Amino acid sequence: MTGVDDVPTVSGKCARQLTVQMMQNPQILAALQERLDGLVGSPSGYMESLPKVVKRRVNALKNLQVKCAHIEAKFYEEVHELERKYAALYQPLFDKRSDIVKAAYEPTDEECEWKADDEEELTEEMKEKAKVEEEKKDEEKEDPKGIPEFWLTVFKNVDLLSDMLQEHDEPILKHLQDIKVKFSDQGQPMSFSLEFYFEPNEFFTNTLLTKTYKMRSEPDESDPFSFDGPEIMGCTGCTIDWTKGKNVTLKTIKKKQKHKGRGTVRTVTKTVPNDSFFNFFTPPEVPESGELDEDSEAVLAADFEIGHFIRERIVPRAVLYFTGEAIEDDDDDYDEEGEEADDEGEEEGEEENDPDYDPKVGGRMPTVDLM
């Protein structure tokens, strides 16, 4: 009679070898894939095993959850109203920032006082010497007006925006004087607009370019449990009135064509789209059906991320992106997350792979919904 100790066992090494052999078998892999496909979206079976009276109570909990989703939607609507209210309080400060940048206002000595970290240990004699040297350099240079290339520098300092910039965009963005965020009026559908103000220039006649993002903060009746805050439903740009020959969003190419019969060759000139930051103002249109091809979906997803980042980070903290201090803060955030990943393992990785997770903003972006 065979005892328990006599039962054959499979060593860890043998088990791993067996697993490798199985995973190299196409028939086994196909069977596993078929089984997994059948499990996707299917319940675990636990709910089906519950008594009817318990299922009834679970349905009551679901109804409570739907009510919670509607309350959450109202919460976000009020947050939007608060943003609108405080935007009006911030705006005078942003207007003064704009006046300083474009040389419409010269700040007083008192307004310009700022104790930098590296000045703390300097003696009075060293400070005076540095001041004299600085004044000497200023005398040698032509007196600049305002803060030249302020917004262009901001854009070039931020990876998300610099990736959009082309060399031919930079001369145009030197004329950008201000960016404002405008929220929808009280009682109007939730939205926000980005307003780009330009000084008169040789490239286009517009002094204002706009981009508006339409949002919704209400649960989907067909899937209320998916609600996770405001959704960006779509966006609209504006028409840029380019000066003739200055449209950087288009380029002219020449192609040679050979006639099939005669064999003669002719040169054909074609106008095709060109990479440019200013394509930001002509996003793909979302059809009523909400169906888009993969390329358009990718463009819109990136567009929403950029619009959200400009609204949440760039406009409120522009000077810190100009000096690079905000970039250093963002880098510190990434380092901290990397350290946490060592302790938390896969959980941190999953959060970073979440397309709605934005470590720079410190939370979730508004959900993108093209339906």
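Rules behind the numbers
Residues numbered from 1 in each chain as written. Predicted model: local features only at pLDDT ≥ 70, side-chain atom pairs only at ≥ 80, totals over all residues. Heavy atoms only, no water. UniProt positions renumbered as here; feature names shortened; annotations may be inferred. Core = buried A, V, L, I, M, F, W, Y, C linked by side-chain atoms within 4.5 Å. Buried < 20%, exposed > 50% of the residue type's maximum accessible area, 1.4 Å probe, protein only. Helix = DSSP H or I, 4+ residues; strand = E, 2+ residues; numbered from the N terminus. Salt bridge = Lys/Arg side-chain N within 4 Å of Asp/Glu carboxyl O. Phe/Tyr/Trp six-rings, centres within 6.5 Å; stacked < 30°, edge-to-face > 60°. pLDDT = per-residue confidence, 0-100. Contact = heavy atoms within 4.5 Å. Pairing = 2+ DSSP bridges. Patch = residues over 30% accessible without salt bridge, like charges linked within 9 Å, V, L, I, M, F, W, Y side chains within 5 Å. Areas by Shrake-Rupley, 256 points an atom, 1.4 Å probe, with all protein chains shown as cover.

As recorded in an unreviewed UniProt entry, the protein chain goes by Nucleosome assembly protein 1-like 1 and comes from Esox lucius. Per UniProt, the comment on the protein chain under Subcellular location (unreviewed entry) is "Nucleus". Recorded in UniProt under Sequence similarities (unreviewed entry), the annotation for the protein chain is "Belongs to the nucleosome assembly protein (NAP) family."

(A) The arrangement of the nonpolar core in detail. Phe155, Phe196, Phe277, Phe278, Phe280 and Ile310 are the most contacted members of the largest nonpolar core, which has 50 residues in total. Broken down by element, the residue count for this core peaks at six residues, all from helix α10 (residues 294-314).

(B) Examining the pattern of salt bridges more closely. In the structure shown here, the tally under the stated rule is ten salt bridges. Across the pair Glu149 and Lys174 runs a salt bridge, and its minimum N-O distance is 3.7 Å. Of this pair, Glu149 sits in the loop between α6 (124-140) and α7 (150-157) while Lys174 sits in the loop between α9 (170-173) and β1 (176-183), and the two are 25 residues apart along the sequence. What makes Lys174 partly exposed here is its relative accessible area of 42%. What you see here is one network of salt bridges that share partners, running through Glu83, Arg311 and Glu312.

(C) Structural detail: the packing of aromatic side chains. Enumeration over the complete set of coordinates arrives at 21 aromatic pairs. Ring geometry for Phe75 against Tyr76: centres 5.2 Å apart, planes inclined by 70°, an arrangement best described as edge-to-face. A relative accessible area of 48% means that Phe75 is categorised as partly exposed. For Tyr76, a relative accessible area of 25% corresponds to the partly exposed category.

(D) Summary view of the confidence of the model for the protein chain. Residues with a pLDDT of 70 or more make up 68% of the protein chain, whose mean pLDDT is 79. Low confidence marks residues 1-10, where pLDDT is under 50. Its contacts with residues over four positions away, or in another chain, come to one contact. Segment residues 335-364: pLDDT under 50, and 25 contacts once partners within four positions in sequence are set aside and those in other chains are kept.

(E) How the structure looks around the environment of Glu77. By the secondary structure assignment, Glu77 is in helix α4 (residues 52-101). Residue classification places Glu77 among the partly exposed positions, given a relative accessible area of 32%. Along the chain, Glu77 and Ser217 lie 140 residues apart, while their C-alpha atoms are 6.6 Å from each other. Residues contacting Glu77, with those up to four places away along its chain left out, are Met190 and Ser217.

(F) Summary view of the pairing of strand β5 (residues 250-258). Of the strand pairs in this sheet, β5 and strand β6 (residues 265-273) are connected by nine bridges, and their pairing is antiparallel. Looking at β6, one finds that Lys258 is bridged to Val265. Taking the residues that link successive antiparallel strands as the turn, the β5-β6 hairpin has six residues, and the phi of Gly263 there is positive, at about 80°.

(G) Summary view of unusual backbone geometry. The phi dihedral of Ala103 falls on the positive side, at around 70°, and the residue is not glycine. Within the secondary structure, Ala103 is located in the loop between α4 and α5 (109-112). Assessed through its relative accessible area of 39%, Ala103 is described here as partly exposed. For Glu149, which is not glycine, the phi torsion reads 55° and is therefore positive. Residue class for Glu149 comes out partly exposed when judged on its relative accessible area of 36%.

(H) Up close: a nonpolar patch on the surface. Taken together, Leu82, Tyr86, Leu89, Tyr90 and Leu93 make up a surface patch of nonpolar side chains, about 560 Å² in accessible area. Structurally, Tyr90 is set in helix α4. A relative accessible area of 48% means that Tyr90 is categorised as partly exposed.

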